[in-house]
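Architecture at a glance
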Amino acid sequence: MTQDEMKRAAAREAVKYLSMGDVVGVGTGSTANYFIEELAEWGGAVGAVASSEATASRLRNCGIPVLDLNDIERFSVYVDGADEINHKLEMIKGGGGALTREKIVAAVAQTFICIVDETKVVDVLGRFPLPVEVLPMAASHVARAIRGLGGDPKIRGDFVTDNGNRILDVNGLSIKNAVEMEQVLNNVVGVVTNGLFSNRPADLMVVGGVKGVKVARA
């Protein structure tokens, strides 16, 4: 089974946790794209909340209405991938640059389902560079603060987020206390948010692997 096949298998499994008439939050990235295809084929959602402009466009192209989060008090399920996820269901996200909107959508959802292939499951977070979204004028200041924490931040080329901000990708961190690190980084002036999802981890992890799909709960 290829990595793409494992992603699709996880996406297909996630649909089983939806109910007819749900509003569904949808993440960003290659695994989320497979979920959008499965969601469209299922056809039971009344609409979706998108975590990025790219996801909103893909949802519309698949015939799924895109709803404004400001018009929704709560919704049932948010489904998204991860760049890394540990056994506490804490994650690094933001490889696609949508981390801030992903955190907002996840905060409103009653249940967060993370769908990944088995290569994304790790014991300790930090092998994947940690994205940190920053206000453009604060990029150098935030980078200096991150170096003081032992990280090696690099600006992500010419990339600009949907929010008009820049991203620092941070190498060199072995994140054994994700909750603490998430809070420390978010307290640096100029940081919009960082890609650690530990204060709001996933509730359910669906892992596609060469031997099939496995499900774990927090």
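Predicted, not measured: the structure shown is a model, and the values here were computed from it. (Residues numbered from 1 in each chain as written. Predicted model: local features only at pLDDT ≥ 70, side-chain atom pairs only at ≥ 80, totals over all residues. Heavy atoms only, no water.)

1. What to know about the overall build of the chain
Of regular secondary structure, the chain possesses six helices and 13 strands. Dimensions of the chain along its principal axes, counting C-alpha atoms only, are 50 × 40 × 30 Å. Counting only residues that meet the buried cut, the chain has 53% of its 218 residues in that class. Expressed as a percentage of contacts within the chain between residues at least 6 apart in sequence, the contacts between residues at least 24 apart total 71%. Per element, the accessible surface of the chain, about 9,900 Å² overall, is 49% carbon and sulfur. (Helix = DSSP H or I, 4+ residues; strand = E, 2+ residues; numbered from the N terminus. Buried < 20%, exposed > 50% of the residue type's maximum accessible area, 1.4 Å probe, protein only. Contact = heavy atoms within 4.5 Å. Areas by Shrake-Rupley, 256 points an atom, 1.4 Å probe, with all protein chains shown as cover.)

2. Quick word on the pattern of salt bridges
If you walk through the whole model with that rule in mind, you get 13 salt bridges. In this structure, the salt-bridge partner of E38 is R12, at a minimum N-O distance of 3.6 Å. Highlighted residues: E38 in helix α2 (residues 30-42) and R12 in helix α1 (residues 3-14), separated in sequence by 26 residues. What makes E38 buried here is its relative accessible area of 9%. (Salt bridge = Lys/Arg side-chain N within 4 Å of Asp/Glu carboxyl O.)

3. Comments concerning the packing of α2 against helix α3 (residues 53-61)
Remark: α2 packs on α3, axes separated minimally by 10 Å, with the N-to-C direction vectors making an angle of 25 degrees. Overall, the two elements α2 and α3 adopt an arrangement that is roughly parallel. Relative to α3, the crossing made by α2 is right-handed. Of the residues in α3, those in contact with N33, I36, E37 and L39 of α2 are T55, R58 and L59. (Axes fitted to C-alpha atoms, helices over the stretch in contact; angles between N-to-C directions. Parallel < 35°, antiparallel > 145°, perpendicular 65-115°, else oblique. Left-handed = near helix turned anticlockwise from the far one by under 90°.)

4. Description of α2
In this model α2 runs 19 Å from its N-terminal to its C-terminal C-alpha over 13 residues, within 8% of the 18 Å that 1.5 Å per residue would give. Three or more residues of α2 are buried, namely T31, A32, N33, Y34, F35, I36, E38 and L39. Close packing links the buried residues of α2 with α1, β1 (23-26), α3, β3 (75-80) and β6 (109-117). Within two residues after α2, G43 carries a phi angle of roughly 80 degrees, on the positive side. (Expected span 1.5 Å × (residues − 1).)

5. Quick notes on α3
When we look at burial in α3, the residues that qualify are T55, A56 and L59. The arc that holds every buried residue of α3, seen down its axis, measures 100 degrees, which confines them to one face. Across from the buried face of α3, at angles greater than 90 degrees, the exposed residues are A54 and N61. Buried-residue contacts for α3 involve β1, α2 and β2 (47-50). Among the residues trailing α3, G63 stands out with phi positive, at a value near 80 degrees. (Arc of directions from axis to C-beta.)

6. What to know about the sheet that holds β2
Neighbouring strands of a sheet are bound in pairs by backbone hydrogen bonds; such pairs are parallel or else antiparallel. Taken together, the six strands give an open sheet; going across it, the order is β2-β1-β3-β6-β12-β13, and neighbouring strands pair in mixed fashion. Only two strands of the sheet have a single partner each, and these edge strands are β2 and β13 (212-217). Neighbour to neighbour, the strand axes of the sheet diverge by 20 degrees on average, direction disregarded. Judged from the three bridges that link them, β1 and β3 form a sheet pairing that is parallel. Bridge pairing in β3 places V24 opposite V77. Strands in contact with α2 are β1, β3 and β6; relative to β1, the strand with the most contacts, it is inclined by about 155 degrees. (Pairing = 2+ DSSP bridges.)

7. Side note on the side chain of K93
Of note, K93 is situated in the loop between β5 (91-92) and α4 (99-108). Judged by relative accessible area, which is 2%, K93 ranks as buried. In terms of polar contacts, K93 uses its side chain to reach the side chain of D80, at 2.6 Å. In terms of polar contacts, K93 uses its side chain to reach the side chain of E102, at 3.4 Å. K93 has contacts with D80, G81, A82, D83, L99, E102, F112, P131, G195 and F197, leaving out every residue within four places of it along the chain. (Polar contact = N/O pair within 3.5 Å; in protein donor to acceptor, adjacent residues only side chain to side chain.)

Just geometry here; none of it tells us what the structure is for.
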